[in-house]
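Summary of structural features
Here's the letter readout for the chains.
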Amino acid sequence: MSESETPQSQAGNGVIPFPAPAKPATVTFDRRELSELLNLYGRMVAAGEWRDYAIDFLKDQAQFSVYRRSSEVPLYRIVKDPALAKRQGAYSVVAATGLVLKRGAELSRVLRVLDKKLSVVG
């Protein structure tokens, strides 16, 4: 390329294309989502229901798994799958058996299936 030529003249139409924004490598929970998940986790630990958790950030989904004991399979998995956001909702709660308990677009509504109200037994 000589000094008199510009990159625009080489492009032909004067438009230099910008690369498309890169898709994130993994799906993650944002700060608000983690706050909701950990608030529920704290209440369930205080109630003696849950004792451990794990967070997995995968290529196509993020998972928050809760355990009664750390050596067992997770009791519940809260899954964020952005590919399902326009169809069934990005969030779902999956039981240990694989049964989807609740699915939806709002995390707080989906988590209500796990938030049992405490009652006094007489």
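Only a predicted model underlies this, so the values are computations on that prediction, with no experimental measurement involved. (Residues numbered from 1 in each chain as written. Predicted model: local features only at pLDDT ≥ 70, side-chain atom pairs only at ≥ 80, totals over all residues. Heavy atoms only, no water.)

Turning our eyes to something else, we now look at the sheet that holds strand β4 (residues 91-95). Across the sheet, which stays open at both edges, the five strands sit in the order β1-β2-β3-β4-β5 with antiparallel pairing between neighbours. The open sheet has two edge strands, β1 (52-57) and β5 (100-104), and neither has a second partner. The average undirected angle you get between the axes of adjacent strands in this sheet is 15 degrees. (Pairing = 2+ DSSP bridges. Helix = DSSP H or I, 4+ residues; strand = E, 2+ residues; numbered from the N terminus. Axes fitted to C-alpha atoms, helices over the stretch in contact; angles between N-to-C directions.)

Below, the discussion takes up the confidence of the model for the protein chain. Averaged over all residues, the pLDDT of the protein chain is 83; the fraction at 70 or higher stands at 82%. The spread of mean pLDDT over the elements of the protein chain runs between helix α1 (residues 7-11), the lowest at 52, and strand β2 (residues 62-67), the highest at 94. (pLDDT = per-residue confidence, 0-100.)

What follows covers the pairing of β4. Counting buried positions along β4 yields five of five residues, so the element is predominantly enclosed. Going residue by residue along β4, you find Y91, V93 and A95 tucked away on one face and S92 and V94 tucked away on the opposite face as well. Note: strand β3 (residues 76-80) against β4, five bridges, orientation antiparallel. Note that in β4 the partner of I78 across the bridge is V93. Here β4 runs beside β5; their pairing, made up of four bridges, is antiparallel. Among the inter-strand pairings, V93 is bridged to a residue of β5, identified as K102. From the end of β4 to the start of β5, which pair antiparallel, there are four residues, and G98 there has a positive phi angle of about 100 degrees. (Buried < 20%, exposed > 50% of the residue type's maximum accessible area, 1.4 Å probe, protein only.)

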